[in-house]
Amino acid sequence: MTDDRTRTWQPLPTDRPVRVALLGHGLAGSVFHGPLLAADPRYAVTVVMTSSPERAEAARSAHPGVEIVPDADAVWERAGDLDLAVVATPGETHARFGIQALEHGLACVLDKPACTTAAEGAELLATQARTGVPLTVFHNRRFDGDFLTARRLLREGRLGELVRIESSFEVWKPTVTKAWKAGASPAEGGGVLYDLGPHLIDQAVQLAGPVEGSYAVLRALRAGALSDDDAVVVLRHESGVVSHLTASTQARRPGPRMRALGTEGAWTCYGLDGQEKALGAGASPSDGDFGIAGSERGSVLTTDAGDEAVPLERGDYPRFYAELADALQGRGEVPVDPADAVGVVGLIADLHRRHPVRPRP
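The rules behind each value
Residues numbered from 1 in each chain as written. Predicted model: local features only at pLDDT ≥ 70, side-chain atom pairs only at ≥ 80, totals over all residues. Heavy atoms only, no water. Helix = DSSP H or I, 4+ residues; strand = E, 2+ residues; numbered from the N terminus. Rg over C-alpha atoms; globule rule 2.2 N^0.38 Å. Buried < 20%, exposed > 50% of the residue type's maximum accessible area, 1.4 Å probe, protein only. Contact = heavy atoms within 4.5 Å. Salt bridge = Lys/Arg side-chain N within 4 Å of Asp/Glu carboxyl O. Pairing = 2+ DSSP bridges. Axes fitted to C-alpha atoms, helices over the stretch in contact; angles between N-to-C directions. Core = buried A, V, L, I, M, F, W, Y, C linked by side-chain atoms within 4.5 Å. Expected span 1.5 Å × (residues − 1).

K.L.:
Would you take a moment to explain the overall build of the protein for this structure?
P.N.:
Secondary structure assignment for the protein yields 13 helices and 15 strands. For the protein, the C-alpha radius of gyration of 20 Å lies close to 21 Å, the compact-globule estimate for 361 residues. Taking the principal axes of its C-alpha atoms as reference, the protein extends roughly 65 × 45 × 40 Å. Out of the 361 residues belonging to the protein, those deemed buried represent 51%. Counting only contacts in the protein whose residues sit at least 6 apart along the sequence, the fraction spanning at least 24 positions is 75%.

Right, here's the structure in full:
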C-alpha cells in the first residue's frame, strides 16, 4: 500500500473549505448532494466524476471551476488534494467506491443504500475501522419535517407509549423510465425496497428501536420489471412496537405519509416532505422558506380531547452536511453511523432472500 493509504487520518483544518470529489452527477449528485454542498461555505466541490458530456456541462454550471474526470481512478489519483468523496453513483457501486475512498485517506459520504449485501457491508465497516477515516451514509430522510415532528411528539409524550408505526413512500410511476433501474436486479440494488426501503426502515428503527422479526411481500407489477416496484414490510421491534411500511410506484392516490399510534393518542401526516421537489426545481437550501411545509401538507394529533392540527417541523437537509463538517473538523460525530445503514441493508437483503419478488400473474 502507498503511504497515503496508511496515513493516520487527522481532523481537517478550519481555515479552508473541505475539498470535495462528487462521484456521479445524476439525480443524487445534481439534485441532492451538489446543491447542499454548494450552499454550505465550509465545502468546495473541486472534482466531479462523470462520463456524460451533458452532466459534465451541468456540473460546470453548478460548480464553477470544477474539474471533470471520467472515472473513479482519476479521483483517487487526486486524493492528495481532496478531503471528502461523496459517492452518488448507482447503488451497486457504493460499497466498492466507499472502500476505495477510505483506503485513499478520503472521508466518505455514501448515498443510500450503503451497500447491497451483508458481506459488502461487513467489508465496508472493517475498512473504516482499519483506516480510521470518517464514513457516513446519506439517510437524509432523518431530516424530513414529518419524521422530525413524529420524533418530537414521542419525546414530549404526546402519544403515550408507542404501539404501531405506519409509514409509506408511494408514488405513481406506472412505467419504468430509467433504463438502468429497469435492468437492475435486487442483487444489484434494484427495486423500491433498496431505493426507498432504507429510508422507511431507518426511520422506523430510529423511532421504535432494534428489530427482532420481519416479513415482506415484494411484487413486480410493471411490465418487464426485474425487481420489486411494490413492497410491504412488517417489522417487530424489540420494544414491542410493530411497524407497517410500504413503498410503491403503483399508488395513483397515496395514503397517509405516516401514522403513529400510541396508548394516549394517534398522529397522522399527509403528503411528502417538499425538500426533494424544491431542490429538483432549482431552489437553494439557503432560501428563507426552504424546508417549510406548504399548505398541501397536513398533520393531526388525535386524543380524547379531539383533533389538534400540529404544525410540521421544518425539514432540514442542510443539517446533514453541517453536522458532517463539524465531525470532519473534530467537533462532533458524523450525522449517520454507517453501522446503522449497513444494518438496514442487511435486513433488506434478508427480506429478499426469505421473500423473493413475485411477478404479476
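K.L.:
Just checking my understanding: could you explain the pattern of salt bridges for this structure?
P.N.:
When their charged atoms lie close together, side chains carrying opposite charge are able to pair. For the structure on display, the rule yields 26 salt bridges. A salt bridge links Asp 146 to Arg 257, with the shortest nitrogen-to-oxygen separation between them at 3.7 Å. Taken as a pair, Asp 146 in helix α7 (residues 145-155) and Arg 257 in the loop between β10 (242-248) and β11 (258-262) lie far apart in primary sequence, 111 residues in all. A salt bridge links Arg 164 to Glu 166, with the nearest nitrogen and oxygen atoms 2.8 Å apart. Taking the relative accessible area as the measure of exposure, Arg 164 reaches 26% and is therefore partly exposed.

K.L.:
Where do I start with the pairing of strand β12 (residues 266-270) in this structure?
P.N.:
Looking along a regular strand, one sees side chains alternate from face to face of the sheet. Buried residues dominate β12, accounting for four of its five residues. In this sheet, β12 lies alongside β11 in antiparallel orientation, the contact comprising four bridges. Residue pairing in the sheet places Leu 261 in a bridge with Ala 266 of β12. Hairpin connection between β11 and β12: a loop of three residues separates the two successive antiparallel strands. Two strands pair when backbone bridges link them, and β12 and strand β13 (residues 298-303) are joined in this way by five bridges, in the antiparallel orientation. Of the residues in β13, the one forming a bridge with Tyr 270 is Gly 298.

K.L.:
Would you take a moment to explain the sheet that holds strand β2 (residues 43-49) for this structure?
P.N.:
Neighbouring strands of a sheet are bound in pairs by backbone hydrogen bonds; such pairs are parallel or else antiparallel. Taking strand neighbours across the sheet as the criterion, the six strands line up as β3-β2-β1-β4-β5-β6 in an open arrangement whose pairing is parallel. What marks the edges here is a single partner per strand, and that holds for β3 (67-69) and β6 (135-138). Averaged over all pairs of adjacent strands, the angle between strand axes in this sheet comes to 25°, irrespective of strand direction. Where strand β1 (residues 18-23) lies against strand β4 (residues 84-87), four bridges are found, and the strand directions are parallel. Opposite Leu 23, over in β4, you have Val 87 as the bridge partner.

K.L.:
Is there a simple way to explain the pairing of strand β8 (residues 211-220) in this structure?
P.N.:
Pairing of β8 with strand β9 (residues 230-237) involves eight bridges; the strand directions are antiparallel. By the bridge assignment, Val 211 is partnered in β9 with His 237. Across two bridges, β8 lies against strand β15 (residues 358-359) in parallel orientation. Across the sheet, the residue bridging to Arg 219 is Arg 358, located in β15.

K.L.:
Which parts of the structure should I look at to understand the nonpolar core?
P.N.:
Soluble globular proteins tend to pack their nonpolar side chains together in the buried interior. One finds Leu 23, Tyr 43, Val 75, Trp 76, Leu 84 and Tyr 321 to be the most contacted residues of the largest nonpolar core, which totals 80 residues. Setting aside its immediate chain neighbours within four residues, Leu 23 contacts Met 49, Ala 72, Val 75, Trp 76, Ala 85, Val 86, Val 87, Ala 88, Thr 89 and Phe 97.

K.L.:
How should helix α2 (residues 27-39) be read in this particular structure?
P.N.:
For the α-helix, the turn length of 3.6 residues means that residues three or four positions removed from each other point alike. Look at α2: 17 Å from first C-alpha to last across 13 residues, which is about the 18 Å you get at 1.5 Å a residue. For α2, the complete set of buried residues consists of Ala 28, Gly 29, Val 31, Phe 32, His 33, Gly 34, Pro 35, Leu 36 and Leu 37.

Just distances and angles here, no functional claims.
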